[in-house]
Amino acid sequence: MATQRILDFIATRRPNGPCLVVDLDVVETNFNAFRKALPDSAIFYAVKANPAPEILRLLAGLGSSFDCASVAEIEMALDAGATPRRISFGNTIKKERDIARAHELGISLFAVDCVEEVEKVARAAPGARVFCRVLTSGEGAEWPLSRKFGCVPAMAVDVLTHAHSLGLVATGISFHVGSQQTDTEAWDGALADAAQVFGTLAERGITLTLVNMGGGFPTRYLKDVPSAEAYGRSIFEALRRHFGNRIPETIIEPGRGMVGDAGVIKAEVVLVSRKSATDENRWVFLDIGKFGGLAETMDEAIRYPIVTPRDGDRMEPCVLAGPTCDSADVLYEKKPYPLPISLTVGDEILIEGTGAYTTTYSAVAFNGFEPLKAYVI
Ligand SMILES: *Cc1c(COP(=O)(O)O)cnc(C)c1O
C-alpha cells in the first residue's frame, strides 16, 4: 500500500522517470512485528532485498543484525553501524579471498553446504563458526529457491563433523523455506531435519547451538497473507515439537517481509496499442519493466498490485510490458492484467509492494534506460 507519506512525496517532489519510494516508518513497523512475533529469535535482515543505506542504518539502530552475501554487502552493513558480531556471511558460494577479507573485517559466522566450502573457511577464517544449510522442498513458496543451496541432512552431518575436525566451530543448521512462503507450516519439515542433525552430532560429541530459519516471510501483493504473528506461532510450535524443552538459539533472515510493502514504484504509461483490429487484449507499455527492476515478474511469479488514476472505470485485461527492445521484457501476458479501459498515454501509475528485490535487480543502462532511482523517506 502507498502510505500517505509516499503519496505526498510523489505529489510534491514530482520525481522524474520511474522511481521507487520507500517509507522507513513501514520498515520500522515490520521490524517490530518480527521482534514481537519471534521474541527469542535474532533478526538478521537479508541485505540483498534492499541495501539502501537509510534502511540499513534504521535497522542497525533498531538492533537488527544482517545476513550478507558478499564483501560489499558486509561493508554496507558495517558502514550502517552494525558490529561484525551482528553480521553473517550467509552465501554458501564464496571465493576464498572474500572469506579471508570478511575474517579480517571481524566476521566470524559463515554458511556452508559442502565439505569443499568448509575447507576454504578453515583455511581463510580459522576458528570461525559455521552453520550448514540443508535443502528444503520450497513447497508453498511463490518464489522458490530451488536446489541451488543446501545439502541433504545426512550430508550436513558430515559437513559439520569435517568442520569440527578442522578446528572450526560447528554451530548449527540453516535453511530457507522459499521466498514469498505463504504456508505458515512450511518451517516444520526443515526444523524436524535440523533436530535430527542436532541429535546425530550430539552422539558424536559435537554440540550444535544454532538454527538459522532463513527468510520466506511474505509481502501482501494481490492476495492476503498471514501475519508475522501467525508465522511466529507456527514456528514456535514446530520448535517445541522437534526440540522439546531444549530449544536452540534461533535466527530469522527476513528480506521481502521486512521491506516489500514499504516501497512503491511510480511509473508512467508510454503506449497503449493492439496488435490487430480484432486483438482481444490491449498492450500497455510502461516506462519500467523486467530490466528496470521488475525482474520478479519472471514466469509471472510475483504479481504486483497496480493503482491507476482511472481506477473505478471499467476494467479489461491487458498484456503489460516494459519499454526495452527485448521480447523478454513482458511482465504479464500468460495471465493478462485487468486495467481500466480508459488508461492512456502519460498516466502515472503506482506499482505497490515493490520495496524488495527491485532496485538491485535493475540493469545499469540496458537500451540506455537509467537504473531504477530510489528515494527513502
Ligand atoms: C534471500 C535470502 C533471504 C531472504 O529471503 P526472503 O524470502 O526475502 O525473506 C534470507 N536468507 C538467505 C540466505 C537468503 O539468500
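Keep in mind it's a predicted model, so treat the numbers as computed, not measured.

Draft legend 1. How the structure looks around the overall build of the protein. Helix and strand counts for the protein come out as 10 helices and 18 strands. What you see for the protein is a C-alpha radius of gyration of 22 Å, in line with the 21 Å of a compact globule of 377 residues. A principal-axis box enclosing the C-alpha atoms of the protein has dimensions of 75 × 40 × 35 Å. Counting only residues that meet the buried cut, the protein has 53% of its 377 residues in that class. Within the protein, contacts between residues at least 6 apart in sequence are counted, and of these 71% link residues at least 24 apart. Positive and negative charge centroids in the protein, built from 38 and 48 side chains respectively, lie 1 Å apart.

Draft legend 2. Region of interest: the environment of Gly353. For Gly353, the location among the structural elements is in the loop between β17 (348-352) and β18 (373-376). For the pair Gly353 and Arg220, spaced 133 residues apart in sequence, the C-alpha to C-alpha distance is 7.0 Å. Ignoring anything within four residues of it in the chain, the contact list for Gly353 reads Thr219, Tyr221, Gly260, Asp261, Gly263 and Tyr304.

Draft legend 3. The arrangement of the domain arrangement of the protein in detail. What the domain assignment reports for the protein is domain 1 (90-254) and domain 2 (261-376). Look at where the C-alpha atoms of domain 1 and domain 2 centre, and you get two points 36 Å apart. On the domain 2 side, the residues contacting the seven residues of domain 1 number 13 residues. Interface area, domain 1 with domain 2, both sides summed: about 840 Å², of which 68% is carbon and sulfur. Three residues, Trp143, Tyr221 and Leu222, lead the burial of domain 1 against domain 2; their summed loss comes to 74% of the area buried on that side. In this structure, the connection of domain 1 to domain 2 is made through zero residue pairs in polar contact (both at pLDDT 80 or more). Mapped by element, the contributors of at least two residues to the side of domain 1 that touches domain 2 are β7 (141-143) and β9 (179-181). For the side of domain 1 that touches domain 2, the residue count by class is three nonpolar, three polar and one charged.

Draft legend 4. Region of the structure containing unusual backbone geometry. A positive phi is found at Arg14, a non-glycine position, where the angle reads about 45°. Mapping Arg14 onto the fold places it in the loop between α1 (4-13) and β1 (19-22). Residue classification places Arg14 among the partly exposed residues on the basis of a relative accessible area of 49%. The phi torsion at Glu300 lies on the positive side, around 55°, for a residue other than glycine. Assignment of secondary structure puts Glu300 in the loop between β13 (282-286) and β14 (306-307). A residue is classified by how much of its surface remains accessible, and Glu300, at 17% relative accessible area, is buried.

Draft legend 5. Structural view of the pattern of salt bridges. Counted under the stated rule, the structure contains 17 salt bridges. A salt bridge links Glu117 to Lys120, with the nearest nitrogen and oxygen atoms 2.9 Å apart. Remark: Lys120 and Glu117 occur in helix α6 (residues 115-124); sequence separation between them is three residues, near one turn of the helix. The exposure class of Glu117 is buried, given its relative accessible area of 4%. Linked through salt bridges whose partners overlap, the residues forming this network are Arg5, Asp23 and Asp25.

Parameters and conventions
Residues numbered from 1 in each chain as written. Predicted model: local features only at pLDDT ≥ 70, side-chain atom pairs only at ≥ 80, totals over all residues. Heavy atoms only, no water. Helix = DSSP H or I, 4+ residues; strand = E, 2+ residues; numbered from the N terminus. Rg over C-alpha atoms; globule rule 2.2 N^0.38 Å. Buried < 20%, exposed > 50% of the residue type's maximum accessible area, 1.4 Å probe, protein only. Contact = heavy atoms within 4.5 Å. Lys, Arg positive; Asp, Glu negative; His and termini not counted. Charge placed at Lys NZ, Arg CZ, Asp CG, Glu CD. Domains from an automatic or database assignment. Buried area = accessible area lost by both parts, 1.4 Å probe. Polar contact = N/O pair within 3.5 Å; in protein donor to acceptor, adjacent residues only side chain to side chain. Nonpolar A, V, L, I, M, F, W, Y, C, P; charged D, E, K, R; others polar. Salt bridge = Lys/Arg side-chain N within 4 Å of Asp/Glu carboxyl O.

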